[in-house]
Amino acid sequence: MEPSLDPRFLEALRRLLPDQPTPFYAYDWTRVVVQVARMRRAFPFARLLYALKANPRLGLLRRLRGLGLGAEAVSLGEVLRAYRAGFGPEEVVWNGPVKPVETLLALRERSPVVVLDSEGDILRVARHLPQARVLLRVNPDLPVRTHGHLATGRGESQFGVLPEAVPGLVQAIRQRGLGFLGLHLHLGSALDRVEDFLQGYRVLEALFPQVGPVAVLDLGGGFGLGLDLEALSHPMQALARLYGAQVWLEPGRFLLAEAGVLVVRVVGLKETRRRYLLLDGGMTALLRPALYGARHPVLPLYASQAEGEFDLAGPACEAGDVLARGVRLPVPQEGDALALLQAGAYGGSMALTYLDTPRPKELLWTGEGWEVLRERDALESLWANEG
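Rules of the game
Residues numbered from 1 in each chain as written. Predicted model: local features only at pLDDT ≥ 70, side-chain atom pairs only at ≥ 80, totals over all residues. Heavy atoms only, no water. Helix = DSSP H or I, 4+ residues; strand = E, 2+ residues; numbered from the N terminus. Rg over C-alpha atoms; globule rule 2.2 N^0.38 Å. Buried < 20%, exposed > 50% of the residue type's maximum accessible area, 1.4 Å probe, protein only. Contact = heavy atoms within 4.5 Å. Areas by Shrake-Rupley, 256 points an atom, 1.4 Å probe, with all protein chains shown as cover. Lys, Arg positive; Asp, Glu negative; His and termini not counted. Charge placed at Lys NZ, Arg CZ, Asp CG, Glu CD. Core = buried A, V, L, I, M, F, W, Y, C linked by side-chain atoms within 4.5 Å. Pairing = 2+ DSSP bridges. Axes fitted to C-alpha atoms, helices over the stretch in contact; angles between N-to-C directions. Polar contact = N/O pair within 3.5 Å; in protein donor to acceptor, adjacent residues only side chain to side chain. Phe/Tyr/Trp six-rings, centres within 6.5 Å; stacked < 30°, edge-to-face > 60°. Lys NZ or Arg CZ within 6 Å of the ring centre and 35° of its normal.

(A) How the structure looks around the overall build of the protein. Helix and strand counts for the protein stand at eleven helices and 17 strands. For 387 residues, the compact-globule estimate of 2.2 N^0.38 gives 21 Å, and the C-alpha radius of gyration of the protein, at 22 Å, lies within 12% of that figure. Principal-axis analysis of the C-alpha atoms places the extent of the protein at approximately 70 × 50 × 45 Å. In the protein, which comprises 387 residues, the proportion classed as buried is 57%. Looking at the protein alone, contacts between residues at least 24 apart form 68% of all its contacts between residues at least 6 apart. Carbon and sulfur atoms form 50% of the exposed surface of the protein, whose accessible area is close to 17000 Å². Across the protein, the centroid of the 43 positively charged side chains sits 3 Å from that of the 43 negatively charged ones.

In structure tokens, the structure reads:
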């Protein structure tokens, strides 16, 4: 099915466009609410923890907390951001392969739930956060089908501990007096195959005789936009019954991607051996195409009788600054605007100031009007901390 925008959001975007400098991000909050409801219909038994890295704007976080979601963070900054948005330590799960002593000490007074990623993590957390409640992340060592940069559940990735190490490390966690809650599993991102998830669940099922009952199974996120959520519901519940556990899930991109667009304007047309539209926003605003080879559908916000096929190039002095290739579009005039769809996740959160480029403004449509989530960087702020 072709991606689409809610007609009310699209109309609000068109009305906004004449007075809004580009590039900018725009998000449809009503679409986020719909996606949260889809997750809850599929998994009514699960606790949902929003993955901040998808889009960490405080205005979004406060609204998501208002819907009853917790938060999943992968850095000290994200943990503190979640606290600033109103989440309590018991509502935040802290994940990631590297947990420096300085970070552990900074969280000593308000420790989130900590996902232990290695034997070294166990030792450091036991020493510096001895009262922490913890999960142990399992690397299922599976051939996860997604871009290599996103496949955290492959055995060669830096994440988690291999299945054969789990029983001994669970024993070590308990011996050190940490509050062991259970196991954590995250296979990767943008996964559209049900079988990838089922293989991961089988790994946890096989570990049960050696691990025994636990309070929590955090089965992570990675839900692709086209994934059949309902096909995972019964297998999740069966695994939870086996362990006597509550299921936690960490959706991020699934909730935000389709709610957001990056709006850019055409600066000019150019032909080399290929035909280009030159845009005022590129890889510094939307890194995913350059980093992951991600493909974002493109919606023209203008009309034209003639059509052509174009590559969409940003302003960076990098051959890789191409947001899309071979896109068939109405032939634009200078100043016409395009919307890159499915940009609500890992768009604004990954925006760069490379080449002293201000990060774009981010706006939220509430269904009734617009709110500013983040202003565009002032140029002067890009060198304000330099001598």
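Okay, back to it.
(B) Molecular detail of the environment of T284. With respect to the element layout, T284 can be found in the loop between β11 (275–279) and α11 (288–292). We classify T284 as buried; its relative accessible area is 8%. Spatially, the C-alpha atoms of T284 and A343 are 13 Å apart, while their sequence positions differ by 59 residues. When neighbours within four sequence positions are excluded, T284 is seen to be in contact with A351, L352, Y354 and T357.

(C) The nonpolar core, seen in detail. Grouped together as the largest cluster of nonpolar side chains are 106 residues, with contacts concentrated most on L183 and L312. With seven residues, helix α8 (residues 194–211) is the single largest residue contributor to this core. With near-sequence residues (within four places) excluded, L312 lies in contact with L277, L279, V298, D321, V322, L323, A324, V327, L329 and L338. F9, A12, L301 and W365 belong to the second-largest nonpolar core, a separate cluster that totals 17 residues.

(D) Looking closely at the sheet that holds strand β7 (residues 179–185). Judged by pairing direction, the barrel is parallel, and its eight strands sit side by side in the order β2-β3-β4-β5-β6-β7-β8-β9 before closing back on the first. Here the average twist between neighbouring strands, direction ignored, is 30°. Sheet topology note: the strand β6 (residues 133–138)/β7 ladder contains six bridges and is parallel. Within β7, the residue paired with V138 across the bridge is L185. Packed on one face of the sheet, helix α7 (residues 166–175) meets β5 (113–116), β6 and β7 and runs near 170° to β6.

(E) Representation of the environment of E362 within the structure. Relative to the elements of secondary structure, E362 occurs in strand β16 (residues 361–365). Residue E362 is classed as buried on the basis of its relative accessible area, which comes to 2%. Sequence separation between E362 and F24 is 338 residues, and the spatial gap between their C-alpha atoms is 5.9 Å. Ignoring sequence-local partners within four residues, the contact set of E362 consists of Y25, Y27, N55, R57, G348, E371, V372, L373 and R374. Among the polar contacts listed, one links the side chain of E362 to the side chain of Y27, at a separation of 2.6 Å.

(F) View of the packing of aromatic side chains. Overall, the coordinates contain seven aromatic pairs when judged by the stated rule. Summarising the aromatic geometry, the rings of Y25 and Y27 are spaced 6.1 Å apart at their centres and angled 10° between planes, so their arrangement reads as stacked. Y25 gets classed as buried once you look at its relative accessible area, which sits at 0%. Put simply, the rings of F43, F45, F197 and F223 touch in pairs and so form one group of aromatic residues. Geometry around Y83 places R110 over its ring, the cationic atom sitting 4.4 Å from the centre.

(G) A look at unusual backbone geometry. Cis rather than trans, the peptide bond between T22 and P23 has omega equal to 0°. Within the secondary structure, P23 sits in the loop between α1 (7–16) and β1 (24–28). Within the chain, D141 stands out as a residue other than glycine whose phi angle is a positive 60°. Among the structural elements, D141 can be located in the loop between β6 and α7. Its relative accessible area of 46% is what places D141 among the partly exposed residues. Phi at Y346 takes a positive value of approximately 55°, unusual for a residue other than glycine. The class for Y346 is buried, based on a relative accessible area of 14%.

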